[in-house]
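Structural features, examined
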Amino acid sequence: EISDAAYRYQCQLEKQEKIVVGVNGYTMAESNPIPILKIDEQVEKKQVAALSEVKRSRDSNQVERALRRVERVAHDGGNLMECFIEAVKVYCTMGEIIQVLRGVFGEYRDPAML
């Protein structure tokens, strides 16, 4: 339904049945370049080092237990919020939690893109 609605909306824009200021109507002749955020390489290295330190210093047994609980509750269809809070408190990363959820629920693929 989402992809169908997006397609209908795009068609309306292209046929100018729907006007969006700055997109398909009332646009400016001149364009101002949009500044692109560039992360300094040193900042990236610092963040990676900090994450490595967190992973090294945390209790891996607690992390495994928390991730297994997330997986179990997700599989059973329960409320995951309490599990997320518990997992974060023992320093599970967002990536680790999301990886567990991907294992249970899979990853959405837009049928139009297949």
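Residues numbered from 1 in each chain as written. Predicted model: local features only at pLDDT ≥ 70, side-chain atom pairs only at ≥ 80, totals over all residues. Heavy atoms only, no water.

Brief notes about the overall build of the protein chain
Defined as follows: Elements are defined by DSSP. Helices are runs of H or I of four residues or more, strands are runs of E of two residues or more, and each kind is numbered from the N terminus. Every radius of gyration here is taken over C-alpha atoms, with the globule rule written as 2.2 Å times N^0.38, N being the number of residues. Note on exposure labels: buried denotes an accessible area under 20% of the residue type's maximum, exposed denotes more than 50%, and partly exposed covers the range between, all computed with a 1.4 Å probe on protein chains only. Any two residues whose heavy atoms approach within 4.5 Å are treated as being in contact. Note that accessible areas follow from Shrake-Rupley with a 1.4 Å probe, and for residues the cover is restricted to the protein chains shown.
Along the backbone of the protein chain there are 5 helices and 0 strands. At 22 Å, the protein chain has a C-alpha radius of gyration far larger than the 13 Å of a compact globule built from 114 residues. Based on the C-alpha atoms only, the size of the protein chain along its principal axes is roughly 60 × 40 × 25 Å. With 114 residues in all, the protein chain has 18% of them scored as buried. Look at the contacts in the protein chain between residues 6 or more apart in sequence, and 52% of them connect residues 24 or more apart. Carbon together with sulfur atoms contributes 55% to the accessible area of the protein chain, which is approximately 9900 Å² in total.

Focus on the pattern of salt bridges
How we decide: Just to be clear on terms, a salt bridge is a Lys or Arg side-chain nitrogen sitting within 4 Å of an Asp or Glu carboxyl oxygen.
Counted by the stated rule, this structure contains 6 salt bridges. Between Lys45 and Glu41 there is a salt bridge, and its shortest N-O distance comes to 3.6 Å. Here Lys45 pairs with Glu41, and both are found in helix H2 (residues 41–57), just 4 residues apart, close to one helical turn. For Glu53, the salt bridge is made with Arg56, and the minimal N-O distance between the two is 2.6 Å. Note that Glu53 and Arg56 are positioned in helix H2 at a spacing of 3 residues, about one turn of the helix. The class for Glu53 is partly exposed, based on a relative accessible area of 37%.

Let's talk about helix H1 (residues 2–14)
Short version of the rule: One less than the number of residues in a helix, times 1.5 Å, gives the span that helix is expected to have.
Over its 13 residues, H1 extends 18 Å from the first C-alpha to the last, a length consistent with the 18 Å expected when each residue adds 1.5 Å. Backbone geometry just downstream of H1 places Gln16 in the positive-phi region, at approximately 60°.

Brief notes about the packing of helix H3 (residues 60–76) against helix H5 (residues 94–105)
For clarity, the cut-off: Lines fitted to C-alpha atoms define the axes here, with helix axes fitted over just the stretch in contact, and angles between the N-to-C directions of these axes take values from 0 to 180 degrees. Helix crossings are classified by the rotation of the near helix relative to the far one: an anticlockwise turn of less than a right angle makes the crossing left-handed, while a clockwise turn makes it right-handed. Note that Gly is not counted as nonpolar here; it falls among the polar residues with everything else outside the nonpolar set of Ala, Val, Leu, Ile, Met, Phe, Trp, Tyr, Cys and Pro and the charged set of Asp, Glu, Lys and Arg.
Remark: H3 packs on H5, axes separated minimally by 9 Å, with the N-to-C direction vectors making an angle of 35°. As H3 runs across H5, the sense of the crossing is right-handed. Contacts between H3 and H5 pair Val63, Leu67, Val70, Glu71, Ala74 and His75 from the former with Glu96, Ile97, Val100, Leu101, Val104 and Phe105 from the latter. Classifying every residue of the contact of H3 with H5 gives 9 nonpolar, 1 polar and 2 charged.

A word on the side chain of Glu96
This is how it is decided: Pairs of N or O atoms within 3.5 Å make up the polar contacts considered here, provided that, within protein, one atom can donate a hydrogen while the other can accept it, and that residues adjacent in sequence are counted only when both atoms are side-chain atoms.
Inspection of the secondary structure puts Glu96 in helix H5. The exposure class of Glu96 is buried, given its relative accessible area of 18%. A polar contact is formed between the side chain of Glu96 and the backbone nitrogen of Thr93, at a distance of 2.8 Å. For Glu96, the residues in contact, after removing those within four places along its chain, are Lys55, Arg58, Val63, Leu67 and Tyr91.

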